[in-house]
Amino acid sequence: MNKEYSKEELSAALKNYFGFSGFKGLQESVIMNVLAGRDSFVIMPTGGGKSLCYQLPALISSGTAIVVSPLIALMKNQVDFLKSLSETEGIAHVLNSSLTKAEIKQVRSDVRSGVTKLLYVAPESLTKEENIEFLNRVTISFVAIDEAHCISEWGHDFRPEYRNLRKIIQRLGGEIPIIGLTATATPKVQEDILKNLGIQEATTFKASFNRPNLYYEIRPKTKSVDADITRFVKNNEGKSGIIYCLSRKRVEELAQTLQVNGIRAIPYHAGLDPKTRVKNQDMFLMEDADVVVATIAFGMGIDKPDVRFVIHNDMPKSIESYYQETGRAGRDGGEGHCLAFYSYKDIEKLEKFMSGKPVAEQEIGLALLQDVVAFAETSISRRKFILHYFGEEFDNETGEGGDMDDNMRHPKKKHEAKDQLVDLLKAVAQTHQKYKAKEVVHVMRGKVNRHVYFWHWK
Ligand code: ADP
Ligand code: MG
């Protein structure tokens, strides 16, 4: 049982360990809840300060907190950071399959003696029998599950191993409190997380997802997309930016195009050898390069505060991904321009990629993609759209950042289309709702193809 902490003591611990003078957003309430031994569910956007919600209570609780996180690189960063906060060498450890026997021995002895306050574990390692047996014998303060959306097929980063966590935690001992944390806030994913972790009674802490300093813009993607991107980057010379592309090939091409145009751009994707990848990432972080052209492999855990623009050469697979990726802009609260190039052809390509997958996965994928299309094609406030997607009401007349998108700054021209709409509905009805939107458009435009021909002469 933990001793009870007053707010003053918590603030002192915050200052003492982290050097921060105050809590951010809901951190303090979350920490109180964790220390009280209750289950917690924390939904905060990226950069909201989720890590502290388990790091601080772990540091001041008796026993060791287990932190489950999907990426080894992220765990290592956090462990290094925690070690830098304390004189105690073994205050935090990673337990994974890359450790030597001697290292494992050291970790175990530190955990057993209570020196280790946070033990980071990949979900795969947690399923190992020997680790379960070991952890079963030590005092665990609580279990933190970071990036908890990995549990849900409706999330953007499903990891099947996350599904077993509940069972394993049960095996570690009776009433171990759980704290789940994620930056994905769609109601479906939330439900999945609570259900799967068996923490339906958890106190939920949800921060606003509004990022008022980000400007959202979608442009049609045409043949001139290279020139469009080059012009945009040139107009923002010297500023840091990330350009996301779907394929490695496109990353290489676009990085070269930008380089040829005198822009300090570098490529980043999982196909590069690890050394080059690290070098390129460092170049970007150290500002030896202004622009990184990357696949989604780039950015997890990147905390560069002054990224001034994020460009999507291709639309992402879901609104969550779009939000995560654009979220890397303007973390310092300064300018953050989010520009995405949209073409329905790209959506069709993404649909095609999915056609080889199991049916259930396809259905989910297509539903997520439909929301991306709706977002790209909407003429309402983009911010309102995104926040609504995350279950948050937003009034773009009075809300912060209400005019920070292309639709609000440059409203699309409206025109009376009642007659066309009636014709369209007729066409859909007369073709017995058998054709895809694309073919119906052909019908409307009188363009003859196989289907339209058939329909005309039937
Ligand atoms: P998340 O996991 O929600 O994306 P992080 O935990 O990585 O966010 O925190 C984002 C940044 O905010 C980090 O640089 C962290 O040091 C900083 N931070 C967290 N809490 C505070 C605080 N109370 N005061 C100042 N900075 C904070
Ligand atoms: Mg985090």
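Before any of the text, the structure's been laid out above.
What you see as residue numbers is a count from 1 along each chain, following the sequence as written. Whichever chain is written first is A, and whichever ligand is written first is 1; the rest continue in order. Local features in this predicted model are restricted to residues of pLDDT 70 or higher, and side-chain atom pairs are both shown and tallied only at a pLDDT of 80 or more, whereas totals for entire chains, interfaces and linings draw on every residue. With hydrogens and water stripped out, all remaining heavy atoms of the structure feed into the side-chain values.

Enquirer: What exactly am I supposed to notice about the pairing of strand β6 (residues 178–182) here?
Expert: Along any regular strand the residues' side chains alternate between the sheet's two faces. With a 1.4 Å probe rolled over the protein chains alone, any residue whose accessible area is under 20% of its type maximum counts as buried; one over 50% counts as exposed, and the rest are partly exposed. The way it works is that DSSP assigns letters per residue, a run of H or I at least four long becomes a helix, a run of E at least two long becomes a strand, and they are numbered from the N terminus. Summarising burial for β6: five of the five residues are buried, a large majority. Alternating residues of β6 divide into I178, G180 and T182 and I179 and L181, and every residue in both groups is buried. Following DSSP output, two strands are said to pair if at least two bridges run between them. Strand direction decides the pairing type here: strand β1 (residues 40–43) and β6, joined by four bridges, are parallel. Bridging from a neighbouring strand, S40 pairs with I179 of β6. Two elements, strand β5 (residues 140–145) and β6, share three bridges in a ladder whose sense is parallel. Bridge assignment links A144 to a residue of β6, and that residue is I179.

Enquirer: It is not clear to me how the nonpolar core should be interpreted in this structure. Could you clarify?
Expert: What tends to happen in soluble globular proteins is that the nonpolar side chains get buried as a cluster. Membership of the largest hydrophobic core comes to 74 residues, with the highest contact counts inside it found for L135, I145 and F298. A per-element tally of this core places helix α15 (residues 359–377) first, with seven residues. Here the limits of each domain have been adopted from an automatic or database domain assignment. Of the residues that make up this core, three or more belong to each of domain 1 (7–206) and domain 2 (214–409). F23, Y54, A58 and F142 belong to the second-largest nonpolar core, a separate cluster that totals 35 residues. What we call a nonpolar core is a set of buried Ala, Val, Leu, Ile, Met, Phe, Trp, Tyr and Cys residues that are connected through their side-chain atoms within 4.5 Å.

Enquirer: What is the right way to look at the sheet that holds strand β9 (residues 240–244) in this model?
Expert: Hydrogen bonding along the main chain pairs the strands of a sheet, whether they run parallel or antiparallel. Read from one edge to the other, the open sheet built from six strands follows the order β8-β13-β12-β9-β11-β10, with strand pairing classed as parallel. Across the chains shown, the open sheet's two edge strands, defined by having one partner strand only, are β8 (214–220) and β10 (265–268). On average, each strand axis in the sheet is tilted by 15° relative to the strand beside it, whichever way the strands run. Pairing of β9 with strand β11 (residues 291–294), which is carried by four bridges, proceeds in the parallel orientation. Along β11, the bridge assignment pairs G241 with V291. Each axis is a line fitted through C-alpha atoms, and for a helix only the stretch in contact is used; angles between axes span 0 to 180 degrees, taken between their N-to-C directions.

Enquirer: Explain the pattern of salt bridges to me, please; I cannot follow it from the model alone.
Expert: In a structure, side chains of opposite charge can pair up when their charged atoms sit close to one another. Put simply, a salt bridge is a Lys or Arg side-chain nitrogen that is within 4 Å of an Asp or Glu carboxyl oxygen. Scanning the model with the defined rule gives 23 salt bridges in all. E129 is the partner of R171 in a salt bridge, and the nearest nitrogen-oxygen pair spans 2.6 Å. Within this pair, whereas R171 is found in helix α8 (residues 165–172), its partner E129 is found in helix α7 (residues 129–136), the two being separated by 42 residues in sequence. Using a relative accessible area of 40% as the deciding quantity, one classes E129 as partly exposed. The shortest N-O distance in the salt bridge between R409 and D403 comes to 3.8 Å. With a relative accessible area of 41%, R409 lands in the partly exposed category. D403 sits in the partly exposed class, given a relative accessible area of 43%.

Enquirer: Looking at this model, I keep getting lost on the sheet that holds strand β4 (residues 118–121). Mind explaining?
Expert: On the basis of which strands lie adjacent, the open sheet formed by seven strands has the order β3-β4-β2-β5-β6-β1-β7 and parallel pairing. Unpaired on one side and paired on the other, β3 (92–95) and β7 (203–206) mark the two borders of the sheet. With strand direction ignored, the average angle separating the axes of adjacent strands in the sheet is 20°. With four bridges connecting them, strand β2 (residues 64–68) and β5 associate as parallel partners. In the sheet register, T64 faces β5, and the bridge partner there is I140. Residue contacts follow a heavy-atom distance rule, with two residues in contact if any of their heavy atoms lie within 4.5 Å. The sheet contacts of α8 involve β2, β5 and β6, and relative to β5 the element is tilted by about 175°.

Enquirer: Can you walk me through the pairing of β4 in this structure?
Expert: Going residue by residue along β4, you find L118 and Y120 tucked away on one face and L119 and V121 tucked away on the opposite face as well. Relative to β4, β3 runs parallel, the two being bridged by four bridges. From the neighbouring strand, L95 faces β4, where its bridge partner is V121. With strands facing away from the observer, any crossover in which the path from the first strand over the helix to the second runs clockwise is taken as right-handed. Note on the crossover from β3 through helix α5 (residues 101–112) to β4: the handedness is right-handed.

Enquirer: Please explain helix α9 (residues 187–197) as it appears in this structure.
Expert: In an α-helix, one full turn covers 3.6 residues, which means residues spaced three or four apart are oriented alike. For α9, the full list of buried residues reads V189, Q190, D192, I193, L194, N196 and L197. Summarising the contacts, the buried residues of α9 are in contact with β1, β5, α8, β6, β7 and α13 (319–326). Immediately downstream of α9, the backbone of G198 shows phi near 65°, a positive value.

Enquirer: Looking at this structure, how should I read the site of ligand 1?
Expert: We define proximity as follows: a residue is near a molecule or strand when any one of its heavy atoms falls within 4 Å of that partner. Of all residues adjacent to ligand 1, which total 13 residues, the nearest are G22, Q27, G47, K50 and S51. Think of a polar contact as two N or O atoms within 3.5 Å of one another; within protein, one of them needs to be a possible hydrogen donor and the other a possible acceptor, and neighboring residues in sequence only count if both atoms come from side chains. Interatomic distance of 2.5 Å between a side-chain N/O atom of S51 and an oxygen atom of ligand 1. Calculation of accessible area relied on Shrake-Rupley with a 1.4 Å probe; when residues are assessed, cover is drawn exclusively from the protein chains displayed. Protein chains bury 71% of the 570 Å² of accessible surface belonging to ligand 1 in isolation.

Enquirer: How do you make sense of the state of the cysteines when you look at a structure like this?
Expert: Covalent bonding between the sulfur atoms of two cysteines defines a disulfide. Note on disulfides: each one is a pair of cysteine sulfur atoms within 2.5 Å. The tally for this structure, following the rule as stated, stands at zero disulfides. For C53, which is in no disulfide, the shortest distance to another cysteine sulfur is to C150 and amounts to 18 Å. By relative accessible area, C53 is classed as buried at 0%. Just so you know, C245 is unpaired, no disulfide at all, and the nearest cysteine sulfur is the one on C338, 16 Å from it. Given a relative accessible area of 5%, C245 falls into the buried group.

Read these as geometric descriptors, not functional statements.
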